[in-house]
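Examining the three-dimensional arrangement
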Amino acid sequence: VQDSDNYFLLQEARNSKYIQSDTGSTYSLAKQLLNKDKTVLYIGTPCQIAGLKAFLQKEYEKLYTIDLICHGVYSYRLLQKEVDYWSCKFRGKVSNFRFRSKEKYPWIYGGVINFDISNNKSYTHIEIHGSCSPLYRCYAYSGDGINYTLRESCYSCLLYTSDAADERSSVD
């Protein structure tokens, strides 16, 4: 949950990571804000939006939701293995790891991973086509149409239909 009055905090929440996010106390915080008559915009996967609405147990006029059309997510542990891979390969510390940059490769060429790498001597921004990423390759470039890195529950998700889409849905 980000403070909607702070543009710079909102920027930190942007960009695709394709991992299961930890909703932590966001449902409680959203409820607290709504009970103070604040406007809340909650963006998440369809299962997170459904979870929020179940938690709230009533409709709120000032709650706006956007569900991200989802074809599954992988776990944080897999992302950490990816970060470890690139840290070892470039012999440095990875930060700002993200998917879907359009700076180097246009959308038509598929996914892109990008991150910053730093060591004692330098700092560099790296952009690499997704097919070079061990994790992303299993996720999107397996060749047989199966995403081997998705969470098990994603394969039987009841919210994975256009009928289940929220009034506001977005794709990445």
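Look a little higher up for the structure.
Rules of the game
Residues numbered from 1 in each chain as written. Predicted model: local features only at pLDDT ≥ 70, side-chain atom pairs only at ≥ 80, totals over all residues. Heavy atoms only, no water. Helix = DSSP H or I, 4+ residues; strand = E, 2+ residues; numbered from the N terminus. Contact = heavy atoms within 4.5 Å. Areas by Shrake-Rupley, 256 points an atom, 1.4 Å probe, with all protein chains shown as cover. Core = buried A, V, L, I, M, F, W, Y, C linked by side-chain atoms within 4.5 Å. Buried < 20%, exposed > 50% of the residue type's maximum accessible area, 1.4 Å probe, protein only. Pairing = 2+ DSSP bridges. Axes fitted to C-alpha atoms, helices over the stretch in contact; angles between N-to-C directions. Phe/Tyr/Trp six-rings, centres within 6.5 Å; stacked < 30°, edge-to-face > 60°. Patch = residues over 30% accessible without salt bridge, like charges linked within 9 Å, V, L, I, M, F, W, Y side chains within 5 Å. Salt bridge = Lys/Arg side-chain N within 4 Å of Asp/Glu carboxyl O. Parallel < 35°, antiparallel > 145°, perpendicular 65-115°, else oblique. Left-handed = near helix turned anticlockwise from the far one by under 90°. Nonpolar A, V, L, I, M, F, W, Y, C, P; charged D, E, K, R; others polar.

Check the secondary structure of the protein chain and you find five helices and six strands. Ordered by position in the sequence, the α and β elements of the protein chain form the string α-α-β-α-β-α-β-β-β-α-β. Sequence-distant contacts, at least 24 apart, represent 52% of the contacts inside the protein chain between residues at least 6 apart. Total accessible area on the protein chain stands at roughly 11500 Å², and carbon and sulfur atoms take up 52% of it.

In terms of nonpolar packing, the biggest core is built from 13 residues, with Trp 86, Val 94, Phe 97, Ile 113, Phe 115 and Ile 128 touching the most fellow members. Each residue touching Phe 115, except ones within four places of it in the same chain, is listed here: Trp 86, Phe 90, Val 94, Ser 95, Asn 96, Phe 97, Thr 124, His 125, Ile 126 and Ile 128.

Attention now goes to the sheet that holds strand 3 (residues 93–99). The three strands lie next to each other as 3-4-5, forming an open sheet whose pairing is antiparallel. Across the chains shown, the open sheet's two edge strands, defined by having one partner strand only, are strand 3 and strand 5 (123–129). Across the sheet, the axes of successive neighbouring strands diverge by a mean angle of 20°, strand direction being ignored. Two strands pair when backbone bridges link them, and strand 3 and strand 4 (residues 112–118) are joined in this way by five bridges, in the antiparallel orientation. Across the sheet, residue Lys 93 finds its bridge partner in strand 4, namely Ser 118. The strands that helix 4 (residues 76–90) touches are strand 3, strand 4 and strand 5; relative to strand 3, the one it contacts most, it runs at about 130°.

With that out of the way, let us pick up the packing of aromatic side chains. For the coordinates displayed, the defined rule picks out seven aromatic pairs. Here a set of aromatic residues connected by ring pairs shows up, and it is made of Tyr 85, Trp 86, Phe 90, Phe 97 and Phe 115.

A surface patch of nonpolar side chains, about 360 Å² in accessible area, is lined by Leu 41, Ile 43, Tyr 64 and Leu 68. Those elements that provide at least two residues to the nonpolar patch are strand 1 (40–44) and strand 2 (63–68). Mapped onto the secondary structure, Leu 41 falls in strand 1.

The next point concerns the packing of helix 2 (residues 26–35) against helix 3 (residues 46–56). Across the interface, helix 2 lies against helix 3 with an axial gap of 10 Å and an inter-helix angle of 55°. Considering their axes alone, helix 2 and helix 3 lie oblique with respect to each other. For the pair helix 2 and helix 3, the crossing hand works out as right-handed. Contacts between helix 2 and helix 3 pair Tyr 27, Ser 28, Ala 30, Lys 31 and Leu 34 from the former with Cys 47, Gln 48, Gly 51, Leu 52, Phe 55 and Leu 56 from the latter. Of the residues belonging to the contact of helix 2 with helix 3, the class tally is seven nonpolar, three polar and one charged.

This paragraph deals with unusual backbone geometry. One non-glycine residue, Asp 37, lies in positive phi territory at about 65°. Within the secondary structure layout, Asp 37 lies in the loop between helix 2 and strand 1. Taking relative accessible area as the criterion, Asp 37 reaches 52% and is therefore assigned exposed.

Spatial relationships are all this shows, so hold off on functional conclusions.
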